[in-house]
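# Chain and residue survey
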Amino acid sequence: MSFLSSGYVPSPRRIAVIAGTTFIQLMRMKIFFFFLIFILIILALNSIRFSDFLGPETHGAAELILLKNSAFGAMRLFGLIFCVTATALLIPKDTEDRILYTILCKPVPMIDYIIGKALGVLFLASVTLLLMDLFTVGILYQRMGVVITEQINILKSSGAQADYIQSIVRGIQAQGPDWNLQAGMLVMLLEFAVLISITMLISCLTQGTLLSSLLAFGVYFVGVFQTQAKVLWFESSSSIGTSDWVLWASKAFSAIFPDFSLYSITDSAINGQLIPLPLLGHLALISLAYFLFHTMLSAWVFRKREF
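To start, this report covers the structure provided alongside it. Keep in mind it's a predicted model, so treat the numbers as computed, not measured.

All right, on to a nonpolar patch on the surface then. Residues Leu130, Leu131 and Leu134 make up a contiguous nonpolar surface patch of about 270 Å² in total accessible area. In this fold, Leu130 is placed in helix 7 (residues 110–157).

Now for helix 9 (residues 179–205). A rise of 1.5 Å per residue sets the reference length of helix 9, with its 27 residues, at 39 Å; its end C-alpha atoms lie 40 Å apart and thus fit the reference within 8%. Where burial is concerned, most of helix 9 is hidden: 22 out of the 27 residues are buried.

What follows deals with the nonpolar core. By size, the foremost hydrophobic cluster in this structure holds 71 residues, and its most contacted members are Phe72, Met75, Tyr113, Leu195 and Phe302. Secondary structure elements with two or more residues in this core: helix 2 (12–28), helix 3 (33–46), helix 5 (61–96), helix 7, helix 9, helix 10 (209–224), helix 13 (265–270) and helix 14 (277–304). Excluding residues within four positions of it along the chain, Phe72 makes contact with Asp133, Thr136, Leu140, Leu181, Met185, Met188 and Ile270. Val147, Ile148, Ile165 and Val169 belong to the second-largest nonpolar core, a separate cluster that totals eight residues.

Let us now look at the pattern of salt bridges. Taken as a whole, this structure holds four salt bridges when the rule is applied. Put simply, Arg76 and Glu191 hold a salt bridge, and the shortest N to O gap is 3.3 Å. Here Glu191 lies in helix 9 and Arg76 lies in helix 5, a separation of 115 residues in the sequence. Neither Arg76 nor Glu191 differs from the other in exposure class; each is buried. Here Arg76 and Asp267 are joined by a salt bridge, their closest N and O atoms 3.6 Å apart. With Arg76 in helix 5 and Asp267 in helix 13, this pair connects stretches of sequence that are 191 residues apart. Because the salt bridges share partners, they merge into one network encompassing Arg76, Glu191 and Asp267.

Once that is clear, we can look at helix 2. With 17 residues, helix 2 extends 24 Å from end C-alpha to end C-alpha; this agrees with the ideal 24 Å at 1.5 Å per step. Residues Ile15, Ile18, Ala19, Thr22, Phe23, Gln25 and Leu26 constitute the buried set of helix 2. Angular distribution of buried residues about the axis of helix 2 spans 165°; they occupy a single face of the element. Among the exposed residues of helix 2, those oriented more than 90 degrees off its buried face are Arg13 and Arg28. The secondary structure elements touched by the buried residues of helix 2 are helix 5 and helix 7.

Right, let's get into the packing of aromatic side chains. Under the definition given, this model contains five aromatic pairs. For the pair Tyr220 and Phe221, a centre-to-centre distance of 5.6 Å together with 70° between the ring planes defines the contact as edge-to-face. We classify Tyr220 as buried; its relative accessible area is 7%. Both rings, one in Tyr220 and one in Phe260, keep their centres 4.8 Å apart while their planes meet at 55°; by these two values the pair is tilted. Taken together, the positions of Tyr220 in helix 10 and Phe260 in the loop between helix 12 (244–256) and helix 13 put the pair 40 residues apart, joining distant regions of the chain. Overall, the relative accessible area of 2% leaves Phe260 in the buried class.

A word on the packing of helix 5 against helix 9. Packing of helix 5 against helix 9 leaves a shortest axis separation of 9 Å and a crossing angle of 25°. Comparing their axes, helix 9 and helix 5 come out roughly parallel. Helix-helix and strand crossings are classified by hand; for helix 5 and helix 9 the assignment is right-handed. In the contact of helix 5 with helix 9, the residues fall into 17 nonpolar, four polar and three charged.

Attention now goes to the environment of Phe38. Structurally, Phe38 can be placed in helix 3. The spacing of Phe38 and Phe78 is 40 residues in sequence and 7.8 Å in space, taken between C-alpha atoms.

Criteria and thresholds
Residues numbered from 1 in each chain as written. Predicted model: local features only at pLDDT ≥ 70, side-chain atom pairs only at ≥ 80, totals over all residues. Heavy atoms only, no water. Patch = residues over 30% accessible without salt bridge, like charges linked within 9 Å, V, L, I, M, F, W, Y side chains within 5 Å. Areas by Shrake-Rupley, 256 points an atom, 1.4 Å probe, with all protein chains shown as cover. Salt bridge = Lys/Arg side-chain N within 4 Å of Asp/Glu carboxyl O. Helix = DSSP H or I, 4+ residues; strand = E, 2+ residues; numbered from the N terminus. Expected span 1.5 Å × (residues − 1). Buried < 20%, exposed > 50% of the residue type's maximum accessible area, 1.4 Å probe, protein only. Core = buried A, V, L, I, M, F, W, Y, C linked by side-chain atoms within 4.5 Å. Contact = heavy atoms within 4.5 Å. Arc of directions from axis to C-beta. Phe/Tyr/Trp six-rings, centres within 6.5 Å; stacked < 30°, edge-to-face > 60°. Axes fitted to C-alpha atoms, helices over the stretch in contact; angles between N-to-C directions. Parallel < 35°, antiparallel > 145°, perpendicular 65-115°, else oblique. Left-handed = near helix turned anticlockwise from the far one by under 90°. Nonpolar A, V, L, I, M, F, W, Y, C, P; charged D, E, K, R; others polar.

Have a look at this one:
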């Protein structure tokens, strides 16, 4: 990669300008309609009493767990769609509006352009995720108060002891909004950062928003089931032996295409399980490494394209 061999260091100021321009460009494209649709979905979920459909076993803390899984599942779905489509749209859009030719005539180093574009998408994704998070936390806090009040009234009417009532209340509060849930949100944002970088690479390799989006979604789903596929592959080949080139090919594939199953600990946080701080730091370093690798590779591929 020529920008590495020449000793070039990316310019933070130039990257920030491109990222800010990208943020404004996406804002003008009415990207926040995703947020409005999300609000309507969460309000609809909040109005549903799951116990009326799923039975009395979904009362209490289970009701909050169902609400959290539904809300954060919708959040992840909207985030994945946004990250892929917005990133895949950038280079074709700049080419169509002839902004790309103006940038290339400056000239602006490819690595600055690619990193700036990726960070612009990531910044808007972060803002949108933050807004969805704040709205969801507010809904969860309100729903938790309703559930606690209902459970206290039911238990008091049945003559339950005060200690037992307090234990039930603590169990419900454990499934409400807390800082561990925010750690899960951070993991989700790291997942989006890696998805943005891999989509940028695919967009530089292909032409057309639709094709880039489809390939990016394909890479994501392959990454989600990458661990299971490896286990099945090595178990099936263990009887006949696994050659060295298969092992090296597996490692090379993992180095380029992320194992998105690593980010499934967000689901653990949603269900109330604690995310250790060292694990969070480990995921942050892995995500940063993938982001930098994909953006540098994208810049190298981008230089080879003819415009």
